[in-house]
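Residue strings, one per chain:
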Amino acid sequence: MFVDNTPEGNGPDTFALPTYRQETLRHILLGDYSALIDGINHLASLGYCDRVAWSEPIPTGRSGEYISVMTRRRGVTRP
């Protein structure tokens, strides 16, 4: 399917590009600081994510509990 995207309104060599959007998945780790770090390192060693993709562990306010979040995005092409 050709679409005219030129300012003149008569571009025979233009075409519609597929739209691109991202699907998002968030992982949340919640627990003891050392368990959180071990979990992050384990997922990184499996090649699932980079260590630096995780947020810095943040105390939740409960004794010894921390939270860290990692967001994965995957591109989805739609015609």
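Described below are features of the structure shown in this document. (Residues numbered from 1 in each chain as written. Predicted model: local features only at pLDDT ≥ 70, side-chain atom pairs only at ≥ 80, totals over all residues. Heavy atoms only, no water.)

### Remarks on helix H1 (residues 33–45)
Along its 13 residues, H1 runs 18 Å from first to last C-alpha, staying within 8% of the 18 Å computed at 1.5 Å per residue. Inspection of H1 places Leu 36, Ile 37 and Ile 40 among the buried residues, and these make up the whole buried set. On an axial view of H1, the arc spanned by its buried residues comes to 95 degrees, and they lie on one face. What points out from H1, more than 90 degrees from its buried face, is the exposed set Ser 34, Asp 38 and Ser 45. One or two positions beyond H1, positive phi appears at Gly 47, with a value near 85 degrees. (Helix = DSSP H or I, 4+ residues; strand = E, 2+ residues; numbered from the N terminus. Expected span 1.5 Å × (residues − 1). Buried < 20%, exposed > 50% of the residue type's maximum accessible area, 1.4 Å probe, protein only. Arc of directions from axis to C-beta.)

### Brief notes about a nonpolar patch on the surface
A contiguous nonpolar patch, built from Leu 25, Leu 46 and Tyr 48 and spanning about 290 Å² of accessible area, is present on the exposed surface. Topologically, Leu 46 is positioned in the loop between H1 and strand E2 (58–59). (Patch = residues over 30% accessible without salt bridge, like charges linked within 9 Å, V, L, I, M, F, W, Y side chains within 5 Å. Areas by Shrake-Rupley, 256 points an atom, 1.4 Å probe, with all protein chains shown as cover. Salt bridge = Lys/Arg side-chain N within 4 Å of Asp/Glu carboxyl O.)

Functional significance is not addressed by these values, which are geometric in nature.
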